[in-house]
Amino acid sequence: MRPSWDEYFMRIAFLVAERSTCLRRRVGAVVVKDKRILATGYNGPPSGIKHCEEVGCLREKLGVPSGQRHELCRGLHAEQNAIIQAALHGVSLKDAVMYITTQPCIICTKMLINAGINEIIISEGYPDELAREFLDEAGVRVRHVNISKGGS
């Protein structure tokens, strides 16, 4: 059976997440406009920096709970990497939709708002109520699509 557009792009986001080297959570993001993929991103360290798979998880070593102290991490979030990829290639994200395997944190939320993303479609929640409040205040539509890694 042919997947819906939401299922199609969310499955791609889960596939992108498989590139992640994060030991805690694999996240993938796909930016779409007019049913065309503009950029993708997964969570992991900047280019040229050792992966957590190689050196261990700084957040685990320090006992940092999920959803807190995002700066204490070797990696960038999937949403950040998608925005950076678009910027490197001169692609505007204004009025685009981002499919993300997990709800964005507050830091990514602020970046997505300023990048001009007008809709976010997520598969899983994340413990960051402030992010949800900012998305609501900015008028960014958030939808939850119930799709697992393997499909619907």
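Since the structure is predicted, the reported quantities are computational estimates derived from the model, not experimental observations.

The rules behind these values
- Residues numbered from 1 in each chain as written.
- Predicted model: local features only at pLDDT ≥ 70, side-chain atom pairs only at ≥ 80, totals over all residues.
- Heavy atoms only, no water.
- Disulfide = S-S within 2.5 Å.
- Buried < 20%, exposed > 50% of the residue type's maximum accessible area, 1.4 Å probe, protein only.
- Salt bridge = Lys/Arg side-chain N within 4 Å of Asp/Glu carboxyl O.
- Helix = DSSP H or I, 4+ residues; strand = E, 2+ residues; numbered from the N terminus.
- Pairing = 2+ DSSP bridges.

Caption draft 1: Molecular detail of the state of the cysteines. Scanning the model with the defined rule gives zero disulfides in all. Cys52 carries a free sulfur, and the closest cysteine sulfur to it, the one in Cys57, is 5.6 Å from it. Counting only cysteine sulfurs, Cys108 is the nearest neighbor of Cys105, a cysteine outside any disulfide, at a range of 3.8 Å. Using a relative accessible area of 2% as the deciding quantity, one classes Cys105 as buried.

Caption draft 2: Region of the structure containing the pattern of salt bridges. Evaluation of the coordinates by the stated rule reveals seven salt bridges. One salt bridge in this structure joins Glu60 and Arg24, with 2.6 Å as the shortest N-O distance. One end of the pair, Glu60, is in helix H3 (residues 58–62); the other, Arg24, is in the loop between helix H1 (5–17) and strand S1 (28–33), and 36 residues separate them in sequence. Residue classification places Glu60 among the partly exposed positions, given a relative accessible area of 48%. Given a relative accessible area of 33%, Arg24 falls into the partly exposed group.

Caption draft 3: Seen up close, the pairing of S1. With respect to burial, S1 is a largely interior element, five of its six residues being buried. As defined by bridge partners, S1 adjoins strand S2 (residues 36–42) across six bridges and the pair is classed as antiparallel. Within S2, the residue paired with Val31 across the bridge is Ala39.

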